[in-house]
Every structure is written in C-alpha cells, then in structure tokens.
Amino acid sequence: RVLVDEGVLPDPVRRAPKGVTTPWRTFVDMHLNTMVACDFFCKNVWTPFGKRVAYGLMFIHLGSRKVFVSPGTYHPTGEWVQQQARNVTMWLEDENLELRFLIHDRDMKFTEAFDEHFRSVGEQVVKTPFQAPVANCFAESWIGTLKRECLNHFFCFSLRHLDHIVQAYTNYYNELRPHQGKDN
C-alpha cells in the first residue's frame, strides 16, 4: 500500500544481486530515515507474590538503528501506551530523528489514541498485515536480539530491575554495538 501511495511499484526482481540498485531497494533507502517500527515484548518477573509478566514497548528508528524502550509495566493500559507515544515523540526530537511513517502490528494494546497521537503531528501510521511478523522485521529482530543477548541470561525480580537491565542493554546497543546494516 505504501508503494502504491508513493507511486512506486515493487520490482518483480527483488532478489537482485547485492549492490545492484532496484526500484524496491531505492524506495526503502529513500524512506529508511523517516520510518520508526515499534512492538511489544514481555519478560517474566519473579516477585514476592509470584511470577508476573512484564511488558515493554520498543521503538527503532530504521535509518539510524537507534532504539527507545519504554519502562516496563504489568498492565499495558491505553493510557500507558499513549504516554509512551508522547515519550517517544520527545525522544525523537531530542535525538533529532525524523519520523514520517510509524509501523506497528495489529496488537489490541495499540489503541486508537496511540495512533491518533502520531497522526496529529503529521505522521502516517502503517499497520502490518495480520500474522505477518516479517512485515515488522526490524522491531521483531531487535526484540530477538534483546532476548538472546541479554534478557535470557537474567532473572528479573522487579520492574525496576528489568528496566535497569533493558536500559543498560539499549545504551550499549545505541552507543557501542556495531550494526551490520550500517557497515559496522
């Protein structure tokens, strides 16, 4: 839909050799610096009251690969999600990153108020097709990386503990970790 809206039709030869520029790759390259993908992730937290599931919301700016992760919560309500939309908007301004397209899946936790926040400041919200995690591959890949490289090695005993671990990893990811997609 995005391609049709922009007047660029996908190239039937998408698997061109690396280094060969196709209209599809040109389109992605043109919009990479204005796209942000987001998704929820969860982690079990061991509390004095038993095991609970904590939820976090992450945003990745596709062009720079910079990541913003919300503080965790046990109850991702509509108000909490809307507050995270305001938080990421401020973060994008602080980092001087442009946003034109926000990509997210059709999770019911993404409320209409969440989408409306981005529309009100001129961004377009793009929802991925049903059961198509590959359509949000940047966010899915980052969550997999977070879990493999960090969260799977820790037991968390509170939201504060989880937030500390996730923020430490996010700082490492944003500042020190090489990115193959950015030529390391």
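Calculation criteria
Residues numbered from 1 in each chain as written. Predicted model: local features only at pLDDT ≥ 70, side-chain atom pairs only at ≥ 80, totals over all residues. Heavy atoms only, no water. Helix = DSSP H or I, 4+ residues; strand = E, 2+ residues; numbered from the N terminus. Buried < 20%, exposed > 50% of the residue type's maximum accessible area, 1.4 Å probe, protein only. Contact = heavy atoms within 4.5 Å. Axes fitted to C-alpha atoms, helices over the stretch in contact; angles between N-to-C directions. Parallel < 35°, antiparallel > 145°, perpendicular 65-115°, else oblique. Left-handed = near helix turned anticlockwise from the far one by under 90°. Nonpolar A, V, L, I, M, F, W, Y, C, P; charged D, E, K, R; others polar.

### Details of the overall build of the protein chain
Next up, step 1: Secondary structure summary: the protein chain contains 6 helices and 5 strands in total.
Next up, step 2: The linear arrangement of helices and strands in the protein chain, starting from the amino end, is α-α-β-β-β-α-β-α-β-α-α.
Next up, step 3: In the protein chain, buried positions account for 43% of the 184 residues.
Next up, step 4: Taking the contacts inside the protein chain whose residues are at least 6 apart along the sequence as the reference set, 58% of them involve residues at least 24 apart.

### Digging into the packing of helix 3 (residues 78-95) against helix 4 (residues 112-120)
Next up, step 1: It is the contact of helix 3 with helix 4, at a shortest axis distance of 8 Å, that shows an interaxial angle of 25°. Classified by the angle between their axes, helix 3 and helix 4 sit roughly parallel to one another. Where helix 3 crosses over helix 4, the handedness of that crossing is right-handed. Contacts between helix 3 and helix 4 involve V81, Q82, A85, R86, V88 and T89 from the former and A113, F114, H117 and F118 from the latter.
Next up, step 2: Residues of the contact of helix 3 with helix 4, tallied by class, amount to 6 nonpolar, 3 polar and 1 charged.

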